[in-house]
Amino acid sequence: MNLLLIRLIIFAVLFFAGLKLYRMYREWKQDRDADDRQDASPGNPMVRCAWCKVHLPENDALREKGEWFCSPDHRDKYLAESSSEE
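Residues numbered from 1 in each chain as written. Predicted model: local features only at pLDDT ≥ 70, side-chain atom pairs only at ≥ 80, totals over all residues. Heavy atoms only, no water.

**Concerning a nonpolar patch on the surface**
A cluster of nonpolar side chains, contributed by Leu5, Leu8, Ile9, Phe11, Val13, Phe15 and Phe16, occupies part of the molecular surface with about 760 Å² of accessible area. The residue leucine 8 is located in helix α1 (residues 2-37) in this model. (Patch = residues over 30% accessible without salt bridge, like charges linked within 9 Å, V, L, I, M, F, W, Y side chains within 5 Å. Areas by Shrake-Rupley, 256 points an atom, 1.4 Å probe, with all protein chains shown as cover. Salt bridge = Lys/Arg side-chain N within 4 Å of Asp/Glu carboxyl O. Helix = DSSP H or I, 4+ residues; strand = E, 2+ residues; numbered from the N terminus.)

Written out as structure tokens, the structure is:
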């Protein structure tokens, strides 16, 4: 009877340790997957460069005079062109 009780306790400890490890793994995997999806999150809208018409994430774009640009070079070209037209 004593041996059966000891085996039951060992089994319970191993079961709960395995359950704890599984939960830790699942949480780690969710965190890693969330980091991978962060770049494509819906909270990061896309904008179009006024010069070359390429779409890029808003947080990577430059904004000048109400227009979006993908690089300082395109911003300067667009502003130079628009000022020469005026």
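**Observations concerning the domain arrangement of the protein chain**
The domain architecture assigned to the protein chain consists of domain 1 (1-38) and domain 2 (44-81). Each of domain 1 and domain 2 has a C-alpha centre, and these two points are 50 Å apart. (Domains from an automatic or database assignment.)

**What about the packing of aromatic side chains?**
In total, this model carries 4 aromatic pairs according to the counting rule given. The interplanar angle of 75° and the centroid separation of 5.5 Å between the aromatic rings of phenylalanine 15 and phenylalanine 16 together place this pair among those described as edge-to-face. For phenylalanine 15, a relative accessible area of 46% gives the class partly exposed. Overall, phenylalanine 16 belongs to the exposed group, its relative accessible area being 53%. The interplanar angle of 35° and the centroid separation of 6.0 Å between the aromatic rings of tyrosine 25 and tryptophan 28 together place this pair among those described as tilted. Placement of the pair is tyrosine 25 and tryptophan 28 together in helix α1, with a separation of 3 residues, close to one helical turn. You can call tryptophan 28 partly exposed: its relative accessible area is 47%. Within the aromatic cluster, the residues linked to one another by ring pairs are Phe11, Phe15 and Phe16. (Phe/Tyr/Trp six-rings, centres within 6.5 Å; stacked < 30°, edge-to-face > 60°. Buried < 20%, exposed > 50% of the residue type's maximum accessible area, 1.4 Å probe, protein only.)

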